Amino acid sequence: MCGIVGYVGPRDATPIVLGGLKRLEYRGYDSAGIAVLQDGGFEIRRDAGKLSKLLSTVNDDPIKGHLGIGHTRWATHGEPNTRNAHPHIGATGDVVVVHNGIVENYKELKEELLAEGAEFNSDTDSEIIVHLIERYLSSENDLLQAVRKALSHLKGHHGVVIGSKHEPDKIVAARIGNAGGVVLGFGEGEMFIASDLPAILEHTREVVYLESHQLAVVTKDSAAVYDLDGNKLEIRTETVPWDPIAAEKGEYRHFMQKEIHEQIRSITDTINGRVDFANGRISLPKLNLTKEFANKIEKIIITACGTAAYAAMVGKIIIEKIARIPVEVDVASEFRYRDPIITENTVVLSISQSGETADTLAAMAEGKRLGATLWTIVNVMGSQAMRISDGHILMQTGPEIGVASTKAYTAPLVDQYMLAILLADLRDEIDEKTRKQYVNELRSLPNLVSQVLSRETEYERIARKLVDVNNSIYLGRGVNMPTAYEGALKLKEISYIHAEAYPGGEMKHGPIALFDQDMQVIVIAPKDPWYDKMVSQVEQTKARNAPVLVIATDGDEQIPELADEVMWIPDVFWMLSPVIAVIPLQILAYHIASIRGLDVDQPRNLAKSVTVE
Ligand code: AGP
């Protein structure tokens, strides 16, 4: 969840590294730092707080050189202050290290190093690494070998980037496990290293992703990759399709607002190349799914975290309804420890925007260990989730920068709908007519998304009325029960308003005791098979004088009689209604948080990718 950027080449490293960190700030930010090799030694600048503080520190006290390494930190061990900010130096100041992950055995290593006379300048686990490297540099006198030996002591998952003044032309990088990525960017006579693509996309789109237990040595015009035993590995660069401009805000105030509006394109792109509308067929080639295997599947377990888990809840209903395959949904942090019942005919399907979420990757590893086939629906190309899966479906939404997920929620809803149709087709669960009907429903979806987005001004008017709400309950049923959970998460994570979600039918079993004039109730009641039940929910809410906002389908005549406010959405096939019904809730949360003057793209305590347990 921290951001790492390295550069070596003919240009001044400082603006390149700082610019890269700026693009990674969403990954984790409570302190930041940069080290640049200047006049034969490392100059370091570090600051607690937002990256903007570091930028002004560097502006006041400039550093310049051709090799630089930078880091934005989301603290796990040690207060988020300057002393604990990366880069870390050891005793000599000759070696600098930035680190992503947790040294799980840092206590015993620290005791060992202290006994050898090491002096620590921070309270972090990461500083262990630079002292271990110094221990081996004195004997090995070779940075790569010293790093290899140092890493052999570490337990846990790590992304590490190292520089040494004794080898001023090179940077060493390493990846152990799943603590975020390490990607090498190939420029013209210059090299880039980053924990995530957006940091380097403006400079190059030729990249190599380090696999776990690999090291890289880069100079301005070379790159070599090794395994932990020191064996040199063959590398092939990949060309990244993402346009760096897409990672900019454009005319929007926040990345989140931009990404809400990008859902027309992201829904189009996630469908693109996968739907043959003329013949009513779906193809998902990267899933490596055969008819034979499709007919062997006995159970699908969908596992994910946060927003992705709510997308999974929708997928369960759709896949069971269309493909008639039993589906379980489990949050990854629970799945990984519950000793799940898995056979060779079980599919474990993960959903992850980043593809680097520690709990999700651990759940995938558990599924693999027990013999399941691993699929993933993932957004970041080359991410660990994609690399360890037997098959994947790329969300194809482009970079999602806002910490609060929006387009990476709606895209997997469509991906699971397409998967359900493909599975049903291969298992002969649906006839051709039904299959063509389901496929055809996708044709109008981008336009329906566009219609909802065009109502933002009306939704914003309602948001202004709710900006001082302190407590809220979201209610939904059936395919839109997860919509309630996702809507509540959006509000709580960016506006810090307490928001709970319940299956509508659960209210009478306790929570309705909370209903009074101070409890804002938000009901998702589009024309889906559960509509009538939700109308009675609105009636029950009004009977307790609780203010109620309802998401309702254009033309509905019952809801306006009951609701205090209505957010209208166009009519849509019920299986795809969660794609449409969630958008007013995204916009509602966005404007409430924005009006409250909060940091919408980088909410407090959160990071875009939770790469630690
Ligand atoms: C959602 O808005 C949050 N950003 C968070 O719940 C997120 O969905 C979760 O951490 C999973 O992230 P992933 O999709 O990258 O695995």
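These numbers were taken from a predicted model, which means no experiment stands behind them. Each chain has its residues counted from 1, following the order in which its sequence is written. This being a predicted model, a pLDDT of at least 70 is required before a residue's local features are given, and a value of 80 or more before pairs of side-chain atoms are given or counted; all residues contribute to the totals for chains, interfaces and linings. To get the side-chain values, take all heavy atoms of the structure and skip hydrogens and water.

Engineer: So what exactly am I meant to see when it comes to the overall build of the protein here?
Structural biologist: Strands here mean DSSP runs of E at least two residues long; helices mean DSSP runs of H or I at least four residues long; both are numbered from the N terminus. In terms of regular secondary structure, the protein is built from 20 helices and 27 strands. Against the globule reference of 25 Å for 613 residues, the protein gives a C-alpha radius of gyration of 25 Å, in line with a compact fold. Each of the three principal axes of the protein carries a C-alpha extent, and together these read 80 × 55 × 45 Å. Remark: exposure states derive from per-residue accessible area (1.4 Å probe, protein chains only) relative to the maximum for the residue type, with buried under 20%, exposed over 50%, and partly exposed in between. Considering the protein as a whole, with its 613 residues, one finds that 62% of them fall into the buried category. Here the analysis covers contacts within the protein between residues at least 6 apart in sequence; of these, 72% occur between residues at least 24 apart. We score Asp and Glu as negative and Lys and Arg as positive, and we do not count His or the chain ends. A charge is said to be at NZ when it belongs to Lys, at CZ for Arg, at CG for Asp and at CD for Glu. Of the side chains in the protein, 63 bear a positive and 85 a negative charge, and the two mean positions are spaced by 2 Å. Radius of gyration: C-alpha atoms only; globule rule: 2.2 Å multiplied by the number of residues to the exponent 0.38. Contact definition: two residues touch when any of their heavy atoms are within 4.5 Å.

Engineer: Is there a simple way to explain the pairing of strand E26 (residues 548-553) in this structure?
Structural biologist: A regular strand places its side chains on the two faces of the sheet in alternate fashion. Buried residues dominate E26, accounting for 6 of its 6 residues. Burial along E26 is two-sided: Val548, Val550 and Ala552 and Leu549, Ile551 and Thr553, pointing in opposite directions, are all buried. Strand pairing is assigned whenever DSSP detects at least two bridges linking the two strands. Judged from the 5 bridges that link them, strand E25 (residues 520-525) and E26 form a sheet pairing that is parallel. Paired with Ile522 across the two strands is Leu549, which belongs to E26. Look down the strands so they point away from you; if the path from the first strand over the helix to the second goes clockwise, the crossover is right-handed. The parallel pair E25 and E26, bridged by helix H18 (residues 531-543), forms a crossover whose chirality is right-handed. Of the pairings in the sheet, the one linking E26 to strand E27 (residues 565-569) comprises 5 bridges and is parallel in character. Residue Thr553 lies in a different strand from E27, and its bridge partner there is Ile569.

Engineer: What am I meant to see in the packing of helix H7 (residues 263-271) against helix H13 (residues 407-426) here?
Structural biologist: Geometry is summarised by axes, namely lines fitted to C-alpha atoms with helices restricted to the contacting stretch, and by angles between N-to-C directions that run from 0 to 180 degrees. One can describe the packing of H7 onto H13 by two numbers: an axis separation of 9 Å at closest approach and a directional angle of 30°. In terms of orientation, H7 and H13 fall into the roughly parallel class. As for the relative orientation of H7 and H13, their crossing is right-handed in sense. Residues Gln263, Ser266, Ile267, Thr270 and Ile271 of H7 touch H13, and the partners they reach there are Lys407, Thr410, Ala411, Val414, Asp415 and Met418. Should an angle lie under 35 degrees it is considered roughly parallel, over 145 roughly antiparallel, and from 65 to 115 roughly perpendicular; all remaining angles are considered oblique. Should the near helix be turned anticlockwise from the far one by less than a right angle, the crossing is termed left-handed; should it be turned clockwise, right-handed.

Engineer: What should I look at first to understand the packing of aromatic side chains in this one?
Structural biologist: Aromatic ring pairs: the centre-centre distance and the angle between the two ring planes describe each pair. Only rings of Phe, Tyr and Trp enter the pairing, Trp through its six-membered ring, and a pair is recorded when the two centres are within 6.5 Å. The plane angle decides the type: under 30 degrees is stacked, over 60 is edge-to-face, the rest tilted. Scanning the model with the defined rule gives 7 aromatic pairs in all. Plain terms: the ring middles of Tyr417 and Phe573 are 6.5 Å apart, the flat faces sit at 70° to each other, and that makes the pair edge-to-face. In this pair, Tyr417 sits in helix H13 while Phe573 sits in the loop between E27 and helix H20 (577-595), placing the two residues 156 residues apart along the sequence. Here a set of aromatic residues connected by ring pairs shows up, and it is made of Tyr417, Tyr438, Trp530, Phe573 and Trp574. Whether a charge lies above a ring is judged from NZ of Lys or CZ of Arg, which has to be within 6 Å of the ring centre and within 35 degrees of the ring normal. Taking the ring centre of Phe120 as reference, the NZ or CZ of Lys110 above it sits at 4.7 Å. Its end group placed over the ring of Tyr531, Lys527 keeps NZ or CZ at 5.2 Å from the ring centre.

Engineer: Even after reading the chapter, I still don't get the pairing of strand E4 (residues 67-73), so can you show me in this structure?
Structural biologist: Across the 7 residues of E4, 7 count as buried, placing the element largely inside the fold. Looking at chain direction, strand E1 (residues 3-8) and E4 are connected through 6 bridges and run antiparallel. Along E4, the bridge assignment pairs Val5 with Gly70. Across 6 bridges, strand E2 (residues 31-38) lies against E4 in antiparallel orientation. Across the sheet, residue Ile34 finds its bridge partner in E4, namely Gly70.

Engineer: I keep staring at the nonpolar core and nothing clicks. Help me out?
Structural biologist: Most often, soluble globular proteins keep nonpolar side chains buried together rather than apart. In plain words, nonpolar cores are sets of buried Ala, Val, Leu, Ile, Met, Phe, Trp, Tyr and Cys residues tied together by side-chain atoms within 4.5 Å. Residues Ile300, Ile322, Trp375, Tyr417, Leu423, Leu442 and Tyr474 are the most contacted members of the largest nonpolar core, which totals 99 residues. Not counting residues within four places of it along the chain, the set of residues in contact with Tyr417 comprises Ile318, Ile322, Tyr438, Val439, Glu441, Leu442, Phe573, Met575 and Leu576. Counting residues in each nonpolar core, the second largest holds 40 residues, with Leu24, Leu51, Tyr209 and Val348 among its members.

Engineer: For this particular structure, what's the right way to read the site of the ligand?
Structural biologist: Nearness here has a simple test: a residue counts as near a molecule or strand if at least one of its heavy atoms is within 4 Å of that partner. Near the ligand you find 13 residues, and of these Ser352, Ser354, Thr357, Val403 and Glu493 are the closest. In this structure, Thr307 approaches the ligand through a main-chain N or O atom, which is 3.2 Å from an oxygen atom. Within 3.5 Å is the distance limit for a polar contact, defined as a pair of N or O atoms, with the added protein rule that one can donate a hydrogen and the other accept it, and that residues adjacent in sequence qualify only through two side-chain atoms. Within the backbone of Ser405, a nitrogen or oxygen atom sits 2.8 Å from an oxygen atom of the ligand. Computed with the Shrake-Rupley method and a 1.4 Å probe, the accessible areas treat only the protein chains shown as cover for residues. Contact with the protein chains covers 91% of the free accessible surface of the ligand, which is 410 Å². Put simply, the parts of the chain that give the shell around the ligand at least two residues each are helix H9 (306-323) and helix H17 (481-495).

Engineer: So what exactly am I meant to see when it comes to the pattern of salt bridges here?
Structural biologist: Pairing between side chains becomes possible if they bear opposite charge and their charged atoms approach one another. Put simply, a salt bridge is a Lys or Arg side-chain nitrogen that is within 4 Å of an Asp or Glu carboxyl oxygen. Applying the stated criterion across every chain yields a total of 41 salt bridges. The salt bridge partner of Arg83 is Asp123, with a shortest N-O separation of 2.7 Å. With Arg83 in the loop between E4 and strand E5 (88-89) and Asp123 in the loop between helix H3 (106-115) and helix H4 (127-140), this pair connects stretches of sequence that are 40 residues apart. For Arg83, a relative accessible area of 38% translates into the label partly exposed.

Engineer: Whenever I open this one, H7 confuses me. Can you help?
Structural biologist: An α-helical segment advances 3.6 residues per turn. Residues three or four places apart therefore align on the same side. Among the residues of H7, Gln263, Ser266, Ile267, Asp269, Thr270 and Ile271 are the ones counted as buried. Gly273 lies just past H7 and shows a positive phi near 75°.

Engineer: Is there a simple way to think about the packing of H17 against H20 in this case?
Structural biologist: Relative orientation and spacing of two packed helices are given, respectively, by the angle between their axes and the distance between those axes. Running from N to C, H17 and H20 cross one another at 15°; their axes reach a closest spacing of 9 Å. The angle between the axes of H17 and H20 places the two elements in the roughly parallel class. As H17 runs across H20, the sense of the crossing is right-handed. When H17 is examined against H20, the residues Thr483, Glu486, Gly487, Lys490, Leu491, Ile494 and Ser495 are found in contact with a partner set consisting of Pro578, Ala581, Val582, Leu585, Ala589, Tyr590, Ile592 and Ala593. In the contact of H17 with H20, the residues fall into 10 nonpolar, 3 polar and 2 charged. Each residue gets one label: Ala, Val, Leu, Ile, Met, Phe, Trp, Tyr, Cys and Pro are nonpolar, Asp, Glu, Lys and Arg are charged, and the others, such as Gly, are polar.

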